[in-house]
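What the coordinates show
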Amino acid sequence: RNGALGGRGNEGRTGVRVIRLLDPATPLRVGDVVLAVDGEAVRASTQNDDDLFAGMIRRFRIGAAPSLTVFRDGKEMALPVTLGPSPSRPRGMKR
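The rules behind each value
- Residues numbered from 1 in each chain as written.
- Predicted model: local features only at pLDDT ≥ 70, side-chain atom pairs only at ≥ 80, totals over all residues.
- Heavy atoms only, no water.
- Helix = DSSP H or I, 4+ residues; strand = E, 2+ residues; numbered from the N terminus.
- Buried < 20%, exposed > 50% of the residue type's maximum accessible area, 1.4 Å probe, protein only.
- Contact = heavy atoms within 4.5 Å.
- Areas by Shrake-Rupley, 256 points an atom, 1.4 Å probe, with all protein chains shown as cover.
- pLDDT = per-residue confidence, 0-100.

**A look at the overall build of the protein chain**
Broken down by element type, the protein chain carries one helix and six strands. Helices and strands in the protein chain line up, N terminus first, as β-β-β-β-α-β-β. For the protein chain, buried positions account for 26% of its 95 residues. Across the protein chain, every contact between residues at least 6 apart in sequence was considered, and the portion connecting residues at least 24 apart equals 41%. For the protein chain, the exposed surface amounts to about 6800 Å²; the carbon and sulfur share of it is 49%.

**Here we look at the confidence of the model for the protein chain**
Looking at the protein chain, pLDDT values average 81 and 78% of them are 70 or higher. When pLDDT is averaged over each helix and strand of the protein chain, the minimum, 37, is found for strand 1 (residues 2-4) and the maximum, 96, for strand 5 (residues 67-72). Counting contacts from residues 1-10, a segment whose pLDDT is below 50, to residues more than four positions away or on other chains yields 24 contacts.

Structure follows, in structure tokens:
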């Protein structure tokens, strides 16, 4: 889900909140807010912006290692991630 990042010292920041993880080995944690992908700000500020982050990630190839700037425990940090293939959709969900 997306949403504005509120709280002390965080006014004006936007990003995408991590609500589930597909790979337990990822350095991301549920609750992290992704603020930037390879230095480009994630300008999501409402729940209706949910495709924005996915579009930013899709620009990279499988195996690429973009740096994600995340907000966790009151501070920003850079996390390197290695992108894997998207999970398969159930048959009923295919376009």
